[in-house]
Amino acid sequence: MDGLIYLYGLIPAHESRERTLPSLKGFDGRGEIYTIPIGSITALVCNLDPHEYSEDSIKDKTNNDMEWLQEKAFHHHETVLKLSKMYTIIPLKFCTLYMNQTSLEKTVRDHEAKMMDTFELLTGNEEWNLKIYCDDELLKTKVSQNNPVLEAKRAEISELPKGKQFFEKKKLDKLLESELEEEKNKVSEKIHEHLKEFALKGNVKKTWGSNVTGRKDDMTWNGVYLIGDSKVEEFLGQIQQYEKDMKETGWRFEASGPWPAYHFSSFSK
Amino acid sequence: MSLRETVENKDIALIDILDVILDKGVAIKADLVISIAGVDLVYLDLRLLIASVESLVQAQAGGRKTISSDQFDRQREELIHATGQPDKWKN
């Protein structure tokens, strides 16, 4: 019976012929990663036992076994990262599994032309991630002091009788919160637009709450950029400059990369 | 060292990895075993994962407590050493 196939990534066949795949352990820690040539594309895969890795058991593990998830997520990441240093790679999502080799081959053939375009796009370019964090309290003070809308509101409130002031001040707090959010977005967006000048492409991702990041400050921006090799240093230098200029006001910049180009390998369109 | 090398060698948090390999990795949906039932595992998981990652963050925060108690012990020993006082905790 056919076993399951775990797909890590796809590379151009000629690169696979030029550079031998190093010995790498597969997803189950026992088997080895190997190549399957499919026309002008080569798939980097390993085999998995269909009983051990059934749909149900994977769902169960990812939901209930945090240690397993952490270990396997790191395995996927490290493997694809290693491969991305050797080859132009289209990285696949965590746990991309095929029933058998035939179904993998068919899928690759169906998307071959777009995959070849993607290889072309990725050649000589790298994916970088920037997360921007902000200390709300610090920024709040600044927004509160320099905001004409809030100033006007405050002046208006001071004219009111005491009893009314209480409720109006509550409203003012709400207004401050929304002005703060707006300010954070405005600043982050401006930075994003500026950084895009160094990049071929820049995408905005969803931000994560502090329950997930484990940080006290708030994630205000999560952006990914596809950048030409020669521009990376300049891009990071600009981020460093932002960090230097904005540290005092509570902003933090966390750049990471180069990542395998997960965000710029889409060929579903 | 170039900026690039500095950033490249920084430790990466699990959330950064999940953010990338789950949220935006390429999927060729039709043939994923996992989406056979018409459920896209990745989106399904992302929601559940937030809960898991949350508990991981908490577990790590718990781990830090242990470390800080070790640190406290070390600092105590250093203080004893610095003041030349005999160690009251040792018999």
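Everything numeric in this text was worked out from a predicted model, so none of it was measured.

Undergrad: Is there a simple way to explain the overall build of chain B in this structure?
TA: The secondary structure content of chain B amounts to 3 helices and 0 strands. For chain B, the N- to C-terminal ordering of α and β elements is α-α-α.

Undergrad: Please clarify how the packing of helix H3 (residues 66-86) of chain A against helix H2 (residues 14-21) of chain B should be interpreted in this entry.
TA: Between two packed helices, both the angle of their axes relative to each other and the distance between the axes serve to describe the pair. Put simply, H3 of chain A and H2 of chain B touch, their axes get as near as 10 Å, and they point 65 degrees apart. Of the two elements, H3 of chain A crosses H2 of chain B, and the hand of that crossing is left-handed. Where H3 of chain A approaches H2 of chain B, its residues Gln70, Ala73, Phe74, His76 and His77 of chain A are matched on the opposing element by Leu14, Ile17, Leu18 and Ile21 of chain B. A breakdown of the residues in the contact of H3 of chain A with H2 of chain B according to their chemical character gives 6 nonpolar, 3 polar and no charged.

Undergrad: I would appreciate a short explanation of the nonpolar core in the present structure.
TA: Soluble, globular proteins show a tendency: their nonpolar side chains are buried together. Core analysis: the biggest nonpolar cluster contains 47 residues, and Tyr6, Leu7, Tyr8 and Val45 of chain A have the highest contact counts within it. When contributions to this core are tallied by element, the ones reaching two or more residues are strand S1 (4-12), strand S3 (41-48), H3, strand S5 (97-98), helix H4 (101-110) and helix H5 (112-122) of chain A together with H2 of chain B. Examining the composition of this core, we find that 7 residues originate from one element, S1 of chain A, more than from any other. Ranked by size, the runner-up nonpolar core spans 22 residues in total, among them Leu130, Phe198, Ala199 and Leu236 of chain A.

Undergrad: Help me understand the sheet that holds strand S9 (residues 251-259) of chain A in this model?
TA: The strands that make up a sheet pair up through hydrogen bonds in the backbone, lying either parallel or antiparallel. All names here are of chain A. Read from one edge of the open sheet, 4 strands run S7-S8-S6-S9, paired in antiparallel fashion. Each having just a single partner strand, strand S7 (201-204) and S9 make up the two edges of the open sheet. Each neighbouring strand pair of the sheet contributes to a mean axis angle of 20 degrees, computed without reference to strand direction. Across 4 bridges, the pairing between S7 and strand S8 (residues 218-228) is antiparallel. Following the sheet pairing, Val204 is matched in S8 by Gly223.

Undergrad: Looking at this model, I keep getting lost on the domain arrangement of chain A. Mind explaining?
TA: By a frequent convention, interface size equals the accessible area lost on bringing the separate parts together. You can read the domains of chain A as domain 1 (2-120) and domain 2 (126-264). Taking only C-alpha atoms, the centre of domain 1 of chain A and the centre of domain 2 of chain A are 36 Å apart.

Undergrad: Would you explain unusual backbone geometry in this entry?
TA: The general pattern is negative phi for most residues beyond glycine and trans for most peptide bonds. All names here are of chain A. With omega at -5 degrees, the peptide bond leading from Gly257 into Pro258 counts as cis. For Pro258, the position within the fold is in strand S9. The phi dihedral of Cys95 falls on the positive side, at around 60 degrees, and the residue is not glycine. Considering the arrangement of structural elements, one finds Cys95 in the loop between strand S4 (90-91) and S5.

Undergrad: Even after reading the chapter, I still don't get the environment of Glu156 of chain A, so can you show me in this structure?
TA: Residues and elements named next belong to chain A. Mapped onto the secondary structure, Glu156 falls in helix H7 (residues 148-158). Accessibility expressed as a C-beta count within 10 Å gives 11 for Glu156, which makes it exposed. Along the backbone, Glu156 and Lys186 are 30 residues apart, and their C-alpha atoms lie at a distance of 26 Å.

Undergrad: Got a minute to help me understand the confidence of the model for chain B in this structure?
TA: Should the pLDDT be low somewhere, the predicted coordinates at that spot are not to be read in detail. Residue and element names in this part refer to chain B. Model confidence for chain B is summarised by a mean pLDDT of 57, while 24% of its residues fall at 70 or above. Least confident of the elements in chain B is helix H3 (residues 41-83), whose mean pLDDT is 53; most confident is helix H1 (residues 3-8), at 89. Predicted confidence is poor over residues 25-48, with pLDDT under 50, and the contacts of this stretch with residues over four places away or in other chains come to 47 contacts. Contacts from residues 64-68, a stretch scored under 50 in pLDDT, to residues over four places away or in other chains number 0 contacts.

Undergrad: Just checking my understanding: could you explain the pairing of S1 of chain A for this structure?
TA: Within a regular strand, side chains alternate between the sheet's two faces. All names here are of chain A. Summarising burial for S1: 9 of the 9 residues are buried, a large majority. Across 2 bridges, the pairing between S1 and S5 is antiparallel. Residue pairing across strands places Ile5 opposite Tyr98, the latter belonging to S5. Judged from the 2 bridges that link them, S1 and S4 form a sheet pairing that is antiparallel. Residue pairing for S4: Leu10 is matched across the bridge by Ile90.

Rules used throughout
Residues numbered from 1 in each chain as written. Chains lettered and ligands numbered in written order. Predicted model: local features only at pLDDT ≥ 70, side-chain atom pairs only at ≥ 80, totals over all residues. Helix = DSSP H or I, 4+ residues; strand = E, 2+ residues; numbered from the N terminus. Axes fitted to C-alpha atoms, helices over the stretch in contact; angles between N-to-C directions. Left-handed = near helix turned anticlockwise from the far one by under 90°. Contact = placed C-beta atoms within 7 Å. Nonpolar A, V, L, I, M, F, W, Y, C, P; charged D, E, K, R; others polar. Core = buried A, V, L, I, M, F, W, Y, C linked by C-beta atoms within 7 Å. Buried ≥ 20, exposed ≤ 12 C-beta atoms within 10 Å, placed from the backbone. Pairing = 2+ DSSP bridges. Domains from an automatic or database assignment. pLDDT = per-residue confidence, 0-100.

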